[in-house]
Amino acid sequence: MGVVRLASDQRRHIGVLGRLQSAAERAELLALLNEPSSASEPLELDIYDADTLPAPITEALIRLLDQGCTLRIVAYRPLLVHCLMRLGLPVRQVSRHDGLTPLEPCRALVLGGSANSLDKILQIIAHLPVSEAVVFVVQHVQEDATNWLDRLLQVRTSYAVLMPQHLVPVAPGTIYVAPPGHHLKVAHGLIYVTRDRKVRHARPSIDILFEAVAGEYGKGALGVLLCGFGQDGVDGCAALRRAGGCVIVEDGDDCADARVLPDAARRAGHFDHIMKCPVIVSVAAAAVAGPQAEPGGELLDLFLEALWRQYGYDFRGYQRDSLTRRMRNMMGRFGLPAFADFQRAVLSQRPLIERMVAEISVGVTGFFRHPEQFRLLRDEVLPYLASFSVLKVWSAGCATGEEAYSLAILLDELGLLARTRLFATDINDHLLDLAASGLFPSDSLASSRADYLASGGGRDLTAYVERGGRYLKVGERLREAVLFHRHSLVTEGVFNEFQLILCRNVMIYFDREVQRKVLHLFARSLHPDGFLVLGPRDGLIQTAREEGFVPHFGDAQIYRFRGAVRHD
């Protein structure tokens, strides 16, 4: 990891490995960029792992451009591409999905497990959409035990469920369960039920069924190996992969003591993905639904649940129409038109989930946006709050930070900044990094200047936000006055008491239940003499009233809380 000078006869060539987290690496890169050179000497910068660049490095790159240097930036992370493009830097993205191959249409789903796998099998089957796919299920059970799995499945699915006899023709849209004491196979469109010898002490055998499905369905097979003991299933996973099928192994952390089998498959390397059960449920459902399945309805619900369980990002309360529209757009940009492939990519590759979160959670913002609200803050609200010895202000859902810096400017002009604790939070780490850098596109200056003046500003905005040619830069004093932190309005609670809370253009993306939950959070976070400012377009007037918030300036969306604080 680090910064390296790459060999090149024609140009300066610098490679950046790692995320530039150490001060020494950042200083080394800055020194290389600032080396004396002729303006005609081209520079290529290859950045492999970083999602953002520190502000001094970004500024150094812009200076090179302004000096006439031919600059070529190659980036491997989509978030970094977004970061650089917004400031007008020349960047080329190298797309990579880490070897992800789109799935063939799923003709057969095969599930295998042993101890602790019953609940997982039931959960997967219960959420499968009805399709023409065939489903095979094998679970290790004692030979003399009664296997009730077929009956348990019948009440959870609309598929036909059979514990088949020998030489039954395979029918689409049917689930076949391996009988106790018998191996289950499929070949040439027929089901075979045999009493052949045990495999790894097991009959029915996961290996036997997986190998048969591999031979019959090849690339059209999706295999899932769940919790259990022993090794039966490891060779079957290898056979499926050799035939071109996709293999998912359950994460051993889901299995408690029965992680022996999935861990053995993981060590053998015969898998495409290691996933937790909620993720398997979502991917399997989308695969069975087929390549034309849309990211909506229950498929979208399952995917959002998987995101929450896998990464802790909770979009389950977001408005579905907006989410569906954004998902379709991202599937196109990622080059993954099938929802199942999109899910596998996002749920297995961290850079893609970070890019997705960035695109879903980004809000429309700008310096002094909705200036009429800032004028009321300047003339009425903040003078009233000036009696507090320490003023605490929260910009919730701050996105790239323009609102938070606008508040800092306003507080500074009123002489309150020095005794204000100004917090700015967002769920999106990438946006917080951009906000903390204090760098913004220069083409926003004209509209930002006009909104600042409309808010009652008595100076020019460039007194606070310097213009550096291709970018705007917030002054150091204002940057140091804002404390940026990650915080989820949906899943996290109160972290301070505030006299002023702004949350604008955020809750419009939430459904009604989540809007009420967030308003409840604000009620518990607001000082009794404090104010809440919502977005003029959030459409929350009636909901805010029902949650105890009373409009203070007509329809300006500035509220006082006069209800009873609930602590549930």
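Right above here is the structure, for reference.
All figures in this text were calculated on a predicted structure; none of them were measured in a lab. Per chain, the residues get numbers from 1 upward, laid out in the order the sequence is written. Local features in this predicted model are restricted to residues of pLDDT 70 or higher, and side-chain atom pairs are both shown and tallied only at a pLDDT of 80 or more, whereas totals for entire chains, interfaces and linings draw on every residue. Where side-chain values are given, they derive from all heavy atoms of the structure, hydrogens and water being excluded.

Participant: Outline empty space enclosed by the protein, supporting the account with residue identities and numerical values.
Facilitator: With a 1 Å grid spanning the protein atoms alone, the term cavity applies to any set of points in which a 1.4 Å probe fits but cannot get out, the term pocket to an open set with protein on both sides within 12 Å along at least five of seven lines, and the term lining residue to any residue with an atom within 4 Å of a point. Grid points are joined across faces, edges and corners, and a volume is the space filled by probe spheres set on the points. Tallying each qualifying case throughout the model produces 3 cavities of 30 Å³ or more. Estimated volume of the second largest cavity: approximately 40 Å³. Lining the second largest cavity are Leu 519, His 520, Ala 523, Glu 547, Phe 549, Phe 561, Ala 564, Val 565 and Arg 566. Per-element accounting of the lining of the second largest cavity gives the leading share, 3 residues, to helix H19 (residues 512-525). Of the residues contributing to the lining of the second largest cavity, the split by class is 6 nonpolar, 1 polar and 2 charged. Helix and strand assignments come from DSSP, with helices taken as H or I runs of at least 4 residues and strands as E runs of at least 2, each series counted from the N terminus. We call Asp, Glu, Lys and Arg charged. Ala, Val, Leu, Ile, Met, Phe, Trp, Tyr, Cys and Pro are nonpolar, and the rest, Gly among them, are polar.

Participant: Account for helix H15 (residues 402-413), naming residues and giving values.
Facilitator: Residues three or four positions apart in an α-helix share a direction because the helix packs 3.6 residues into each turn. How far a helix is expected to stretch is found by multiplying one less than its residue total by 1.5 Å. Over its 12 residues, H15 runs 17 Å from end to end, which matches the ideal 16 Å to within 8%, given 1.5 Å per residue. Burial runs high along H15: 10 of the 12 residues are buried. The cut-offs for exposure are 20% and 50% of the maximum accessible area for each residue type, with area from a 1.4 Å probe on protein chains only; residues under the lower value are buried, those over the upper are exposed, and the others partly exposed. Of all the positions in H15, only Glu 402, Glu 403, Ala 404, Tyr 405, Ser 406, Leu 407, Ala 408, Ile 409, Leu 410 and Leu 411 are classed as buried. Backbone geometry just downstream of H15 places Gly 415 in the positive-phi region, at approximately 75°.

Participant: Could you give an account of the pairing of strand E7 (residues 134-139), with specific residues and numbers?
Facilitator: Taking burial as the measure, the 6 residues of E7 include 6 buried ones, the bulk of the element. Where burial is concerned, the two faces of E7 agree: the one with Val 134, Phe 136 and Val 138 and the one with Val 135, Val 137 and Gln 139 are both buried. Of the strand pairs in this sheet, strand E6 (residues 108-113) and E7 are connected by 6 bridges, and their pairing is parallel. For Leu 109, the partnering residue across the bridge sits in E7 and is Val 135. Looking down the strands as they point away from you, a crossover is right-handed if its path from the first strand over the helix to the second goes clockwise. Once the chain exits E6 it traverses helix H4 (residues 118-126) before rejoining the sheet at E7, and the crossover so formed is right-handed. A strand pair is defined by DSSP finding two or more bridges across the two strands. Two elements, E7 and strand E10 (residues 174-177), share 3 bridges in a ladder whose sense is parallel.

Participant: Describe the packing of aromatic side chains, listing the residues and the values that go with them.
Facilitator: Two aromatic rings from Phe, Tyr or Trp, using only the six-membered ring of Trp, form a pair when their centres are within 6.5 Å; if the ring planes differ by under 30 degrees the pair is stacked, by over 60 it is edge-to-face, and anything between is tilted. As enumerated under the stated definition, the model contains 23 aromatic pairs in all. Both rings, one in Phe 315 and one in Tyr 318, keep their centres 4.9 Å apart while their planes meet at 80°; by these two values the pair is edge-to-face. Centroid distance Phe 339 to Phe 342: 6.3 Å. Interplanar angle 20°. Geometry classified as stacked. Note that Phe 339 and Phe 342 are positioned in helix H12 (residues 339-348) at a spacing of 3 residues, about one turn of the helix. Residue class for Phe 339 comes out buried when judged on its relative accessible area of 1%.

Participant: Let's hear about the state of the cysteines: which residues, and what values?
Facilitator: Cysteine sulfur atoms are paired as a disulfide whenever they fall within 2.5 Å. Here the structure, examined in full by the defined rule, presents 1 disulfide. Across the disulfide, Cys 227 is cross-linked to Cys 255 (sulfur-sulfur distance 2.1 Å). One disulfide, between Cys 227 and Cys 255, carries an S-S torsion of -80° and so falls in the left-handed class. Here Cys 227, found in the loop between strand E13 (221-225) and helix H7 (234-242), pairs with Cys 255, found in the loop between strand E14 (246-250) and helix H8 (260-268); they are 28 residues apart in sequence, far enough to count as distant. Here Cys 227 and Cys 255 have matching classes, each one buried. Summary of cysteine pairing: Cys 106 is not part of a disulfide, and the nearest cysteine sulfur, belonging to Cys 246, is at 9.1 Å. Note on Cys 106: relative accessible area 13%, which makes it buried.

Participant: An account of the packing of helix H10 (residues 297-311) against helix H11 (residues 320-334) is needed here, citing residue identities and associated values.
Facilitator: Angle between the axes and distance between the axes: these two values describe a pair of packed helices. Viewed as axis vectors pointing N to C, H10 and H11 meet at an angle of 85°, and their least axial separation amounts to 12 Å. Here H10 lies roughly perpendicular to H11, going by the angle between them. Contacts between H10 and H11 pair Leu 300, Asp 301, Phe 303 and Leu 304 from the former with Arg 320, Leu 323, Thr 324 and Met 327 from the latter. Broken down by class, the residue content of the contact of H10 with H11 amounts to 5 nonpolar, 1 polar and 2 charged. In this analysis, axes come from line fits to C-alpha atoms, helices being fitted only over the stretch in contact, and the angle between any two N-to-C directions falls in the range 0 to 180 degrees. Should an angle fall under 35 degrees it is taken as roughly parallel, and over 145 as roughly antiparallel, whereas 65 to 115 is taken as roughly perpendicular and any remaining angle as oblique. Contact between two residues is taken to exist if any of their heavy atoms lie within 4.5 Å; hydrogens are not considered.

Participant: How would you summarise the sheet that holds E14 if you had to cite specific residues and measurements?
Facilitator: An order of E8-E10-E7-E6-E13-E14-E15 is seen for the 7 strands of this open sheet, with the pairing classed as parallel. A single partner strand is all that each edge strand has here, and the edge strands are strand E8 (160-162) and strand E15 (273-275). Taken over all neighbouring pairs, the strand axes of this sheet differ in orientation by 20° on average, direction set aside. Note that E8 and E10 share 3 bridges and pair parallel. Bridge pairing in E10 links Leu 162 to Tyr 176.

Participant: Kindly report on the pattern of salt bridges, identifying the contributing residues and their values.
Facilitator: Here, a salt bridge means any Lys or Arg side-chain nitrogen found within 4 Å of an Asp or Glu carboxyl oxygen. Applying the stated criterion across every chain yields a total of 29 salt bridges. Ionic pairing is found between Arg 72 and Glu 44, a salt bridge with its closest N-O pair at 2.8 Å. Taken as a pair, Arg 72 in strand E4 (residues 71-75) and Glu 44 in strand E3 (residues 43-47) lie far apart in primary sequence, 28 residues in all. A salt bridge links Lys 473 to Glu 59, with the nearest nitrogen and oxygen atoms 3.1 Å apart. With a gap of 414 residues between them, Lys 473 in strand E20 (residues 471-474) and Glu 59 in helix H2 (residues 55-66) connect regions that are remote in the sequence.

Function-wise, these values are silent; they only describe arrangement.
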